[in-house]
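# Structural characterization, general
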Amino acid sequence: MDDHPWAILIWPNVNLSHIRDSTAAEARMKEQDQIAALMTQADQLSQRGQHEAAVSRWMRVLELEPDYPPALNFIGVNSMLRGDLAVALEYLQRAVSAAPGFAMAHANLSRVHGARGDTAASLASINAAIVADPTAWGAHMERARLLEGLGRTRDAAASWARGLSYVPEAVAQSPQLQPMFLQARKAVMHNQAMLREFIEDRLHGAAGRGNHQELERFQHCLDIVTGRREFVTARPLVLPYPRLPAIPYFDTSQFEWAPAVEAAFPDILRELGVLLEQPQRFVPYVQTQPGEPTGQFDALDRSMDWGALFLWKNGKRLDANADLCPRTEAAVGLAPQNTIANRAPVVFFSALKPGTHIQPHNGATNTRLTVHLPLIVPRDCGLRVGGETHVWKPGKLVVFDDTITHEAWNRSDELRVVLIFDIWHPMLTPLERELVAHTVESMVAFYDDGADLGEL
């Protein structure tokens, strides 16, 4: 078997108490005590290098609890290290079947599939490990290695980058892992250089039409996206644009279109009333693609606790919904919405059910601002951007930079609904807006439509 040094470091202090608790709860107290004692013995034997003796203890655990995931995982790994791949496959498949959220078992199963020459199954298992534990740096590294073997170098570079971002500082200094980290950094740098060339070829000459002062921020942005500089202000997740001030809330008096949008509040509220009588039109706002980590929205993934009814989504008009809201659409049309092929505008009613909390998170790019028009706002609802908390007032616009860490909540026993859309950041010039649009379109084309690029 090839050595995989990351395998012993992905989860150095794995706490499997949640697995033990769930299985032991159904066992008799005596079996609980026996299993705990056997686990302690097995751990001590493993630390002394007496792996076969440890296996015998885990086998006794399985006599008491046949589908005990840690035991199945240990025996599977031991069989793999001895070269008995058929036995390893059996035990590790039992482990992930018994505990689908057991990330280490998925990762070990991936190694077995790889040793058996089944790359597709190996990739599927390492993807399952990442879904179970999105911050497992070693799993991202292994995924990158597999993708490189398949010739998917761009996807591999994205996985290398994620792996590097999650490596703890102490591990990053490990001498034995430096060759792998060097390989990862080289792959990321090469991919960034290719992305830069790809973007520059698709700017349609726009970058040659401005003076140095007008293009300076864009060039700085391109440097960041392609790894030449670091972004040092807010925390956009995908496309950071430099030298834009990190302002949590913007004064709406500076937007000449704002009064007209607020004046449409009664009409928009009436149109919302019609929509609320058709709840089937709402969908979960968070819908993570299969195989992608749920990340910052894990608790709300595919949940109607945070529902959305889209009038525009990914730059496309949803006629069945938008036709019911002509006044809403007309009002939003007064604002300088960002327009990007297949990405923007996005306009939707955001419905937060009672007791729902949208955890602190960051948006994808500071080239735009998020606009809320509060419609139904019970008591005990709020929005916090950075350290500043805002209480929505029906009909009064809120404009904020969503790349600053923000959260929202509804602690009432009623539904909260706001209309949400985006606008270009007011400090971007028309040329910069065009350049940003081309850049986003290029990034989507470079990585393909299914790539996890956030809400660019």
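For the structure, check the block above.
Residues numbered from 1 in each chain as written. Predicted model: local features only at pLDDT ≥ 70, side-chain atom pairs only at ≥ 80, totals over all residues. Heavy atoms only, no water.

## Structural notes on the overall build of the protein chain
- In terms of helices and strands, the protein chain carries 17 helices and 12 strands.
- C-alpha atoms of the protein chain, sized along the principal axes, occupy 75 × 55 × 40 Å.
- The 456 residues of the protein chain split such that 49% are buried.
- A separation of at least 24 residues holds for 69% of the contacts in the protein chain among residues at least 6 apart in sequence.
- With 42 positive and 54 negative side-chain charges, the protein chain shows a separation of 1 Å between the mean positions of the two kinds. (Helix = DSSP H or I, 4+ residues; strand = E, 2+ residues; numbered from the N terminus. Buried < 20%, exposed > 50% of the residue type's maximum accessible area, 1.4 Å probe, protein only. Contact = heavy atoms within 4.5 Å. Lys, Arg positive; Asp, Glu negative; His and termini not counted. Charge placed at Lys NZ, Arg CZ, Asp CG, Glu CD.)

## Topic: the pattern of salt bridges
- The final tally for this structure, using the stated rule, is 17 salt bridges.
- Between Arg270 and Asp267 there is a salt bridge, with its nearest N and O atoms 2.3 Å apart. Of this pair, Arg270 and Asp267 are both found in helix H14 (residues 265–276), 3 residues apart, which corresponds to roughly one turn of the helix.
- Where Arg317 meets Asp323, a salt bridge forms, and the shortest distance between an N and an O atom there is 2.9 Å.
- On the basis of relative accessible area, Arg317 is assigned to the partly exposed category, the value being 30%.
- Each of Arg196, Glu200, Asp223 and Arg229 takes part in a single network of salt bridges with overlapping partners. (Salt bridge = Lys/Arg side-chain N within 4 Å of Asp/Glu carboxyl O.)

## Structural notes on the packing of helix H4 (residues 69–81) against helix H5 (residues 85–98)
- Between H4 and H5, whose axes approach to 8 Å, the crossing angle comes to 160 degrees. Taken together, the axis directions place H4 and H5 in an arrangement best described as roughly antiparallel. Our pair here, H4 against H5, has a crossing hand that is left-handed. Counting all contacts with H4, which are made through Pro69, Leu72, Asn73, Ile75, Gly76, Ser79 and Met80, the residues of H5 involved are Leu85, Val87, Ala88, Tyr91, Leu92, Arg94, Ala95 and Ala98.
- Class assignment of the residues belonging to the contact of H4 with H5 gives a composition of 11 nonpolar, 3 polar and 1 charged. (Axes fitted to C-alpha atoms, helices over the stretch in contact; angles between N-to-C directions. Parallel < 35°, antiparallel > 145°, perpendicular 65-115°, else oblique. Left-handed = near helix turned anticlockwise from the far one by under 90°. Nonpolar A, V, L, I, M, F, W, Y, C, P; charged D, E, K, R; others polar.)

## Structural notes on helix H8 (residues 137–149)
- Between its first and last C-alpha, H8 extends 19 Å over 13 residues, near the 18 Å set by a 1.5 Å rise per residue.
- The buried fraction of H8 is high, at 10 of 13 residues.
- By the burial criterion, the buried members of H8 are Trp137, Gly138, Ala139, His140, Met141, Glu142, Arg143, Ala144, Leu146 and Leu147.
- One or two positions beyond H8, positive phi appears at Gly151, with a value near 80 degrees. (Expected span 1.5 Å × (residues − 1).)

## Brief notes about the pairing of strand E11 (residues 406–410)
- Burial analysis of E11 places 5 of its 5 residues in the buried class, the great majority of the element.
- Side-chain alternation along E11 places His406, Ala408 and Asn410 on one buried face and Glu407 and Trp409 on a second face that is also buried.
- Looking at chain direction, strand E6 (residues 356–361) and E11 are connected through 4 bridges and run antiparallel. Its bridge partner lying in E11, His361 is registered against His406.
- Pairing between strand E8 (residues 381–385) and E11: 5 bridges, direction antiparallel. Bridging across to E11, Cys381 finds its partner in Asn410. (Pairing = 2+ DSSP bridges.)

## Some words on the packing of aromatic side chains
- The tally for this structure, following the rule as stated, stands at 11 aromatic pairs.
- Judged by centre distance (6.5 Å) and plane angle (40 degrees), the rings of Phe250 and Phe255 are tilted.
- Under the relative-accessibility criterion, Phe255 is labelled buried at 6%.
- Taken together, the aromatic side chains of Phe250, Phe255, Trp257 and Phe421 make up a single cluster linked through ring pairs.
- Sitting over the face of the ring of Phe446, Arg154 holds its NZ or CZ atom 3.8 Å from the ring centroid.
- The ring of Trp392 carries the charged tip of Arg416 above its face, separated from the ring centre by 4.8 Å. (Phe/Tyr/Trp six-rings, centres within 6.5 Å; stacked < 30°, edge-to-face > 60°. Lys NZ or Arg CZ within 6 Å of the ring centre and 35° of its normal.)

## Here's the deal with the nonpolar core
- Within the largest apolar cluster, 31 residues are counted, with the highest numbers of intra-cluster contacts made by Trp257, Phe349, Leu375, Leu419, Phe421 and Ile423.
- When contributions to this core are tallied by element, the ones reaching two or more residues are helix H13 (258–263), H14, strand E3 (306–313), helix H16 (326–332), strand E5 (347–352), strand E7 (368–376) and strand E12 (416–424).
- Beyond its immediate sequence surroundings of up to four residues, Leu375 is in contact with Phe265, Ile268, Leu269, Leu272, Phe349, Pro394, Val417, Val418 and Leu419.
- If you look at the next biggest cluster of nonpolar residues, it comprises 29 residues, including Ala42, Phe74, Leu92 and Leu109. (Core = buried A, V, L, I, M, F, W, Y, C linked by side-chain atoms within 4.5 Å.)

## Observations concerning the packing of helix H11 (residues 178–201) against helix H12 (residues 212–225)
- Here H11 crosses H12 at 145 degrees, and the two axes come no closer than 9 Å. Of the residues in H12, those in contact with Gln192, Leu195, Arg196, Ile199 and Glu200 of H11 are Gln219, Leu222, Asp223 and Val225.
- Split by residue class, the contact of H11 with H12 holds 4 nonpolar, 2 polar and 3 charged.

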